[in-house]
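# Structural characterization, general
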Amino acid sequence: MTKTESKTASAAVKDILLSNPDGLHEVIRAVMQEVLEAEMDEALSASKSERTPERLGYRSGYYGRTLVTRVGKLELRVPQDRAGRFSTDLFERYQRSERALVATLAEMYVQGVSTRKVKAITEELCGHAFSASSISAINKRLDESLKAFAERPLLEPFPYLILDARYEKVRQAGIVMSQAVLIAVGIAWDGRRQILAVEVANRESRSAWKDFLVSLKARGLKGVELVVSDDHAGLVAAIGEVIPEAAWQRCYVHFLRNALDHLPRKHGDDCLQELRWLYDRRDLTEARADLATWLAKWSARYPKLTNWVEEAIDSTLTFFRLPRQHHKHLKSTNMLERLNEEIRRRTYVVRIFPNAESCLRLVRALAVETNENWMEANRYINMDDLREHKKLALRQAA
């Protein structure tokens, strides 16, 4: 797309939003319609009216399809081909997480939680309020597919494992409590990411993380060479107990946030900025040299911080053992940020889940959706770099 076309598209979107209060509805409808057209072009190996020897068929009009979303009902035109072979999984993939959200809201409505508010949301979203039997049927169908995803065997090795947790509000016995949503992402030898597990626990305790990791190993998790996580004591202890063969990389982003606890409230930005630069160095030797310079410069002004950094920083430098091309991906848990943002966006609508099961249902549905996108995308990192890196290390050791 040229700059002129990009500006024209942006102007068109702005015009829609400014002229129509429900403009977001039209923008989403237009985007999804374009996705359908692109899928048909790909299926036929040719766009509309394009003459090419690679063409596999011809279009044959459209049929209407209504998609219920949180911005209202979208009226879409699904393209057809003459042979009747074209099909799209756009609706199934989009509505999987939508169904989970609807089921959660509906469950709140039936249980009498924020009745007036939830009734309005469900009626707007789906056109009617749900009965208890309808909710049961929705949840049963959804839970069966989510259970299959959660219990699938892990047949291939995952040399890289990334662990993180976020918290959601859940009502238990009439009391609203924070529940930990534990997430594991693995990178296989084909270079693609997979969401390996999503579970809900009362808190991020050592026993909760241990049970989580033990269940992963029971499903076949193997070949883990590096685990990336924050420094939660229970998590670190569980990693050492269940996956002792793996090296541990402490997320440097969390480390820099923790550094604020060792600084006075009023401090300059230069100190932490210079510390952050260590993680962009080419190798451990360069990073160590910069660290020595940093300690000498700031120890007199911020002794509490420099003493803490000197004691704790080693676990954040593990990623230097990896090929340089992998550093930016494996020195933090940031690869999970987009997933966490999407979870936050969807769960924000619910605010407080009526029980842990409804929370797990929604987050797992999002995980399935994201995992499918990751598996269809190009590889996240080139694992040939790691293979060559290991071969070089063996030759040097010999």
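In case you missed it, the structure is sitting above this.
Residues numbered from 1 in each chain as written. Predicted model: local features only at pLDDT ≥ 70, side-chain atom pairs only at ≥ 80, totals over all residues. Heavy atoms only, no water.

What follows covers the nonpolar core. Counting 63 residues, the largest nonpolar core has Tyr160, Phe255, Leu275, Trp294, Leu305, Val309 and Ile313 as the members making the most contacts within it. Sorting elements by how many residues they give to this core places helix α14 (residues 356-376) first, with ten residues. Apart from residues no more than four positions distant in its own chain, Ile313 is found in contact with Phe255, Leu275, Leu278, Tyr279 and Leu291. Formed by 26 residues, the second largest nonpolar core is a distinct cluster that contains Leu161, Ala201, Phe212 and Leu213. (Core = buried A, V, L, I, M, F, W, Y, C linked by side-chain atoms within 4.5 Å. Buried < 20%, exposed > 50% of the residue type's maximum accessible area, 1.4 Å probe, protein only. Helix = DSSP H or I, 4+ residues; strand = E, 2+ residues; numbered from the N terminus. Contact = heavy atoms within 4.5 Å.)

In the contact formed by helix α8 (residues 252-259) and helix α11 (residues 303-312), the axes pass within 11 Å of each other and the chain directions differ by 155°. With respect to their mutual orientation, α8 and α11 come out roughly antiparallel. Between α8 and α11 lies a crossing of right-handed hand. Residues Phe255, Asn258 and Ala259 of α8 lie in contact with α11, whose contacting residues are Leu305, Trp308, Val309 and Ala312. Here the residues of the contact of α8 with α11 are counted per class, giving six nonpolar, one polar and no charged. (Axes fitted to C-alpha atoms, helices over the stretch in contact; angles between N-to-C directions. Parallel < 35°, antiparallel > 145°, perpendicular 65-115°, else oblique. Left-handed = near helix turned anticlockwise from the far one by under 90°. Nonpolar A, V, L, I, M, F, W, Y, C, P; charged D, E, K, R; others polar.)

We now examine the packing of helix α9 (residues 270-277) against helix α10 (residues 284-298). Where α9 contacts α10, the axes come no closer than 10 Å and their chain directions differ by 165°. One way to sum up the angle between α9 and α10 is to call them roughly antiparallel. As for how α9 packs across α10, the hand of that crossing is left-handed. Each of Asp270, Cys271, Glu274 and Leu275 in α9 lies in contact with α10, whose residues at this interface are Trp294, Lys297 and Trp298. The residue makeup of the contact of α9 with α10, split by class, is four nonpolar, no polar and three charged.

What follows covers the pattern of salt bridges. Overall, the coordinates contain 21 salt bridges when judged by the stated rule. In this structure, Glu241 engages Arg206 in a salt bridge whose closest nitrogen and oxygen atoms are separated by 2.4 Å. With Glu241 in helix α7 (residues 233-242) and Arg206 in helix α6 (residues 206-218), this pair connects stretches of sequence that are 35 residues apart. Residue classification places Glu241 among the partly exposed positions, given a relative accessible area of 34%. The exposure class of Arg206 is partly exposed, given its relative accessible area of 41%. A salt bridge links Asp280 to Lys331, with the nearest nitrogen and oxygen atoms 3.2 Å apart. Taken together, the residues span a long stretch of sequence, with Asp280 in the loop between α9 and α10 and Lys331 in the loop between α12 (327-330) and α13 (337-350) at a distance of 51 residues. In this structure Asp280 comes out as partly exposed when scored by relative accessible area, which is 41%. Take Lys331: its relative accessible area is 7%, and that puts it in the buried class. Through salt bridges with shared partners, a single network forms among Glu342, Arg345, Arg346 and Glu369. (Salt bridge = Lys/Arg side-chain N within 4 Å of Asp/Glu carboxyl O.)

Okay, the side chain of Arg193 next. Looking at the element boundaries, Arg193 is found in strand β5 (residues 193-201). There is no salt bridge for the buried Arg193, and the closest opposite charge comes from Asp190, which lies 10.0 Å off by N-O distance. In contact with Arg193, other than residues within four places in its own chain, are Val185, Gly186, Ile187, Met335, Asn371, Trp374, Met375 and Tyr380. (Lys, Arg positive; Asp, Glu negative; His and termini not counted.)

Of note, Asp230 is situated in the loop between β6 (226-229) and α7. Residue classification places Asp230 among the buried residues on the basis of a relative accessible area of 14%. Taking the C-alpha atoms as reference, Asp230 lies 9.6 Å from Thr316; in sequence the two are 86 residues apart. Leave out the neighbours within four places in its chain, and Asp230 touches Asp164, Leu235, Val236, Trp248, Cys251, His254 and Thr333. Within the local environment of Asp230, its side chain forms a polar contact with the backbone nitrogen of His232, the two atoms lying 3.1 Å apart. (Polar contact = N/O pair within 3.5 Å; in protein donor to acceptor, adjacent residues only side chain to side chain.)

What the rule picks out here adds up to six aromatic pairs. On the numbers, 4.7 Å between centres and 15° between planes, the contact of Phe255 with Trp308 is stacked. Of this pair, Phe255 sits in helix α8 while Trp308 sits in helix α11; the two residues are 53 residues apart in sequence, bridging distant segments of the chain. By the burial criterion, Phe255 is buried, and Trp308 matches it. Ring centres 5.8 Å apart and planes at 15° place the aromatic pair Trp298 and Tyr302 in the stacked group. When sorted by exposure, Trp298 lands in the same class as Tyr302, which is buried. Among the aromatic residues, ring-to-ring pairing joins Tyr252, Tyr279, Phe319 and Phe320 into one connected group. Sitting above the plane of the Phe149 ring, Arg152 keeps its charged end 4.3 Å from the centroid. Directly above the ring of Tyr380 sits Arg193, whose terminal nitrogen or CZ lies 4.1 Å from the centroid. (Phe/Tyr/Trp six-rings, centres within 6.5 Å; stacked < 30°, edge-to-face > 60°. Lys NZ or Arg CZ within 6 Å of the ring centre and 35° of its normal.)

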